[in-house]
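Chains, contacts and geometry: an overview
One-letter residues, chain by chain:
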Amino acid sequence: MTQDAPHQDPTAEHAAFTKALHAQRVWDTELPGFDTADAPASPLPLFHRWFLDAVAAGQSEPHTMTLATVDADGRPDLRTLMLHEADAQGWHFASHATSAKGRQLAERPEAALHFYWPALGRQIRLRGPVTPASAAESRADLAVRTRGALAAALTGHQSEVLPDRATLLAAADAAWDLAGADPEAPAPTWTRYTLAPREAEFFQGDPTRRHTRLHYTRTPGDTWTTRLLWP
């Protein structure tokens with residue numbers, strides 16, 4: 001007979017949560033400024049600059065971002081994943097086309113990305129259409145990554161129901177062995193995606209809550225206009 005876990009008073013637990021929540025502070029440190037007069041004419045160079053600043057500041061995992069999509073019923077969905085590149089084509093990431101996000105992007109190829117770098121009090125938001133790459137480009141995406149990344153792609157079944165943990169471990173072990181034996185092993189559903197933003201916002205936090213928000217909008221002719229937003 002197994003012993004039940006000790007019962008914890010939900011009222012006390014909630015009180016502890018509320019106390020801890022209200023004790024948290026944001027940006028109790030010196031933050032960089034943001035002179036929007038010196039901002040580049042398009043968002044990509046500013047993103048590169050801010051990313052390098054985040055790395056220099058010791059921000060943990062600055063290459064992770066939140067991807068927002070919409071399902072067939074119009075309900076928003078979120079997850080955190082890694083940025084693979086940011087270039088003139090857009091912001092690149094990858095997943096299985098058969099995953100929840102892949103199916104949602106096939107149905108509605110629009111998405112939003114969000115980066116948050118609390119070490120600098122900075123956020124970046126991007127919105128725009130998403131385009132899948134070719135099978136060759138998607139496989140090349142895996143070729144430059146680690147054996148573990150390839151093994152994860154070869155494991156497959158992302159977002160599907162998992163019957164038990166043992167099934168995952170067996171599939172992951174087999175995929176790891178295959179990735180080591182054949183670094184060119186095909187992963188047919190692995191897809192690289194590119195979000196080409198129509199809008200981009202750069203947010204610089206301020207401890208006095210006088211935040212700076214610079215919003216870019218793409219205009220015909222592949223040029224950009226900028227405007228400041230109220231915090």
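Structure: see above.
Values in this document were obtained by computation on a predicted structure and should not be read as measured data. Residue positions are counted from 1 within each chain, in the order its sequence is given. With the structure being a predicted model, the display of local features is reserved for residues of pLDDT at least 70 and the display and counting of side-chain atom pairs for 80 or more, all residues being used for whole-chain, interface and lining totals. Only hydrogens and water are removed before side-chain values are computed, so all heavy atoms of the structure are retained for them.

**Describing the side chain of Thr 69**
Convention followed: To qualify as a helix, a DSSP run of H or I must reach at least 4 residues; to qualify as a strand, a run of E must reach at least 2; elements of each kind are numbered from the N terminus. Pairs of N or O atoms within 3.5 Å make up the polar contacts considered here, provided that, within protein, one atom can donate a hydrogen while the other can accept it, and that residues adjacent in sequence are counted only when both atoms are side-chain atoms. Note on contacts: a residue pair is in contact if any heavy atoms of the two residues lie within 4.5 Å.
Among the structural elements, Thr 69 can be located in strand S1 (residues 64–70). Polar contacts involving the side chain of Thr 69 include one to the side chain of Gln 104, which spans 2.4 Å. Leaving out residues up to four positions away in the same chain, Thr 69 has contacts with Arg 75, Pro 76, Asp 77, Arg 79, Gln 104, Leu 105 and Ala 111.

**Side note on the environment of Phe 202**
The line we're drawing: With a 1.4 Å probe rolled over the protein chains alone, any residue whose accessible area is under 20% of its type maximum counts as buried; one over 50% counts as exposed, and the rest are partly exposed.
The topology assignment puts Phe 202 in strand S8 (residues 199–204). By relative accessible area, which is 0% here, Phe 202 ends up buried. When the C-alpha atoms of Phe 202 and Thr 212 are compared, they prove to be 8.0 Å apart, with 10 residues separating the residues in sequence. Ignoring any residue separated from it by four or fewer positions in sequence, one finds Phe 202 in contact with Phe 34, Pro 43, Leu 46, Phe 47, Trp 50, Gln 123, Ile 124, Thr 212, Arg 213, Leu 214 and Tyr 216.

**As for the nonpolar core**
Across soluble globular proteins, you tend to see nonpolar side chains buried next to one another. As a reminder, the rule being used: For this analysis, a nonpolar core means a set of buried residues of the types Ala, Val, Leu, Ile, Met, Phe, Trp, Tyr and Cys, connected via side-chain atoms within 4.5 Å.
Among the nonpolar cores identified, the biggest contains 30 residues, and Phe 47, Trp 91, Phe 115 and Phe 202 are the most heavily contacted of them. Looking at this core, the elements with two or more residues in it are helix H2 (43–56), S1, strand S4 (90–96), strand S5 (110–117), strand S6 (122–132), strand S7 (190–195), S8 and strand S9 (212–219). In terms of residue count, H2 provides more of this core than any other element does, 5 residues in total.

**Considering the packing of aromatic side chains**
The condition that has to hold: Aromatic contacts are taken between Phe, Tyr and Trp rings whose centres are within 6.5 Å, Trp giving its six-membered ring; a plane angle under 30 degrees counts as stacked, one over 60 as edge-to-face, and the others as tilted.
Under the definition given, this model contains 12 aromatic pairs. Geometrically, the ring pair formed by Phe 93 and Tyr 193 is stacked, given 5.6 Å between the ring centres and 20° between the ring planes. Here Phe 93 is found in strand S4, whereas its partner Tyr 193 is found in strand S7, with 100 residues between them in sequence. You can call Phe 93 buried: its relative accessible area is 0%. The exposure class of Tyr 193 is buried, given its relative accessible area of 4%. Ring geometry for Phe 115 and Trp 117: centres 5.8 Å apart, planes at 50°, overall tilted. Trp 117 gets classed as buried once you look at its relative accessible area, which sits at 1%. A network of ring pairs unites the aromatic residues Phe 34, Trp 50, Phe 202, Tyr 216 and Trp 224 as a single cluster.

**Let's talk about helix H1 (residues 10–23)**
As a reminder of what qualifies: Take the number of residues in a helix, subtract one, and multiply by 1.5 Å to get its expected span.
Under the 1.5 Å per step criterion, the end-to-end length of H1 is 20 Å for 14 residues, consistent within 8% with the ideal 20 Å. With a side-chain oxygen positioned 2.9 Å from the backbone nitrogen of Thr 11, the residue opening H1 is Asp 9.

**Describing helix H5 (residues 147–155)**
The complete set of buried residues in H5 reads Ala 149, Leu 150, Ala 151, Ala 153, Leu 154 and Thr 155. For H5, the elements touching its buried residues are S4, helix H4 (135–143), helix H6 (165–181) and S7. Positioned one or two residues after H5, Gly 156 has a phi angle of 65°, which is positive.

**Regarding the packing of H5 against H6**
Here is the rule: In this analysis, axes come from line fits to C-alpha atoms, helices being fitted only over the stretch in contact, and the angle between any two N-to-C directions falls in the range 0 to 180 degrees. Reported orientations rely on four angle classes, namely roughly parallel under 35 degrees, roughly antiparallel over 145, roughly perpendicular from 65 to 115, and oblique for the rest. In a left-handed crossing the near helix is turned counterclockwise from the far helix by less than a right angle, and in a right-handed crossing that turn is clockwise. Amino acids outside the nonpolar list (Ala, Val, Leu, Ile, Met, Phe, Trp, Tyr, Cys, Pro) and the charged list (Asp, Glu, Lys, Arg) are all regarded as polar, and Gly is one of them.
Two numbers describe how H5 lies on H6: the axes approach to 8 Å, and their chain directions differ by 125°. The orientation of H5 relative to H6 falls into the category oblique. By crossing handedness, the relation of H5 to H6 is classed as right-handed. Across the interface between the two elements, Arg 147, Gly 148, Leu 150, Ala 151, Leu 154 and Thr 155 of H5 pack against Leu 168, Ala 171, Ala 172, Ala 175, Trp 176, Asp 177, Leu 178, Ala 179 and Gly 180 of H6. Class assignment of the residues belonging to the contact of H5 with H6 gives a composition of 10 nonpolar, 3 polar and 2 charged.

**Considerations on the pairing of S6**
Threshold: A strand pair is defined by DSSP finding two or more bridges across the two strands.
Bridge count between S5 and S6: 8 bridges; the pairing is antiparallel. Paired with Glu 110 across the bridge in S6 is Pro 129. What sits between S5 and S6 in their antiparallel hairpin is a turn of 4 residues, with Gly 121 showing a positive phi close to 65°. Bridge analysis of S6 against S8 gives 6 bridges, and the strand direction is antiparallel. Directly across from Gln 123, in S8, lies its bridge partner Phe 203. Pairing geometry for S6 and S7, over 3 bridges, is antiparallel.

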